Amino acid sequence: MTTTFTNLRDIDGNAIGIRCAGGRIEALGPDVTAPDAFDGAGRLVLPAFVEPHVHLDKTLWGEGWQPGYRAGKLRDYIENERRVLTANTTPPEDRAGRLLARMLAYGTTAIRSHIDVAPDMGLTHVEAMFRLRETWADRIDLQFVAFPQQGLLCRPGTTDLVRAAIEMGVETVGGLDPAGIDGDPDGQLRFVFDLAVEKGVGVDIHLHDKGDLGAWQVERIADYTEASGLAGRVMISHAYCLGMIPEARLARIGRRLADLGISLMTSAPADTAVPPVEALTAMGVTVCCGSDGIRDAWSPLGNGDMLERAFLTAYRFDWNTDEDLRRALGCATHQAARAIGLADYGLHPGGRADFVMIACDGPGDALCRRPADRRVVRRGQLLPAA
Ligand SMILES: [Zn+2]
């Protein structure tokens, strides 16, 4: 079925129409029109947002208010989450499904979600997220990471579960602070990369370890990526350490990350150093922004809107020029798509016909104001207004 959308503005302000067929963009440009076209009323059109890092299985979206929790150590947060989620009786896929409905309405149609894998829950969260994926397959592309939230080597039995999760169809092997949590950086990285190579999947490592210890692990991840031939399939999430090291070392590390196609994800937190997105992007590193937890036991903050996450990224760095704001939008669109390996992304003939039409005065206005008036097209089909 062919669908046409007219009276749109692209990111450069050009008036365009888009024709879609078979879930792809067939044509786009100033002359594309059709008698039965949807009138975009001058809306800005962007490729649909991509959420490269969220924890859908943890969200308490739609549950009663869960007050935030403050602790000194990562371990305390992990234990607190176990208490909260153990007490919650709503199936994870129900909680996550409510959040997906919001994310879709905001204009996100592709998501990478981490899924907790640990001895106390076994593979139950993986099974729940697979049910979620099946239910939502026509509306949102979901890919998963097997995430050892409680540690990989320090919790006996977790490596077997991660392996089983990958064999069930999870696309990416996760890691968590190889030094800070497991206390055995080479042991964790060896397992993660060996399994990824064996199964032909990617790697995504949460790295909160700071300063030199963190930066050393980034270098080790680069070593393992190079040795295992997994260039282009590795992401490091958070990597606060890259905002804490001297410029010369950052430049050396940035070059390696760019050469090896290792991408970075930041949630742009305001309370700690973060990777310098502008400098790293200029070095050719793929840097994207992600929500991380959304209304869960870690924090009640977050709403699933990638336009807001891009705004927070701009805010974090005090970006204000049009070029800056476009870079922020890029972190939630093209860079995020590249980071998670999404094929045929972007507004071009042959590209996936997933886009969002936003009532606004251009990309800067969209970012700063985050308008509620958005219409979303998925595989060429206009979704009902939210
Ligand atoms: Zn995370």
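Residues numbered from 1 in each chain as written. Predicted model: local features only at pLDDT ≥ 70, side-chain atom pairs only at ≥ 80, totals over all residues.

### Things to note about unusual backbone geometry
One non-glycine residue, His238, lies in the positive phi region at around 85°. Topologically, His238 is positioned in strand β10 (residues 234-238). Judged by local crowding, His238 falls into the buried class, with 25 C-beta atoms found within 10 Å. Non-glycine residue Arg295 carries a positive phi angle of around 40°. (Helix = DSSP H or I, 4+ residues; strand = E, 2+ residues; numbered from the N terminus. Buried ≥ 20, exposed ≤ 12 C-beta atoms within 10 Å, placed from the backbone.)

### Quick look at the domain arrangement of the protein chain
Split into domains, the protein chain comes out as domain 1 (2-47 + 346-382) and domain 2 (49-339). Of note, the centres of domain 1 and domain 2, computed from C-alpha atoms alone, are 29 Å apart. Between domain 1 and domain 2, the contact holds 14 residues from the first and 19 residues from the second. Counting residues per element, the side of domain 1 that touches domain 2 draws most heavily on helix α12 (residues 363-369), at five residues. (Domains from an automatic or database assignment. Contact = placed C-beta atoms within 7 Å.)

### With respect to the pairing of strand β1 (residues 2-9)
Bridging between β1 and strand β2 (residues 15-21) involves six bridges; their strand directions are antiparallel. For Thr3, the partnering residue across the bridge sits in β2 and is Cys20. The antiparallel hairpin formed by β1 and β2 contains five residues in its connecting segment, where Gly13 sits at a positive phi of about 90°. Pairing of β1 with strand β4 (residues 38-47), which is carried by four bridges, proceeds in the parallel orientation. Bridge pairing in β4 links Phe5 to Phe38. (Pairing = 2+ DSSP bridges.)

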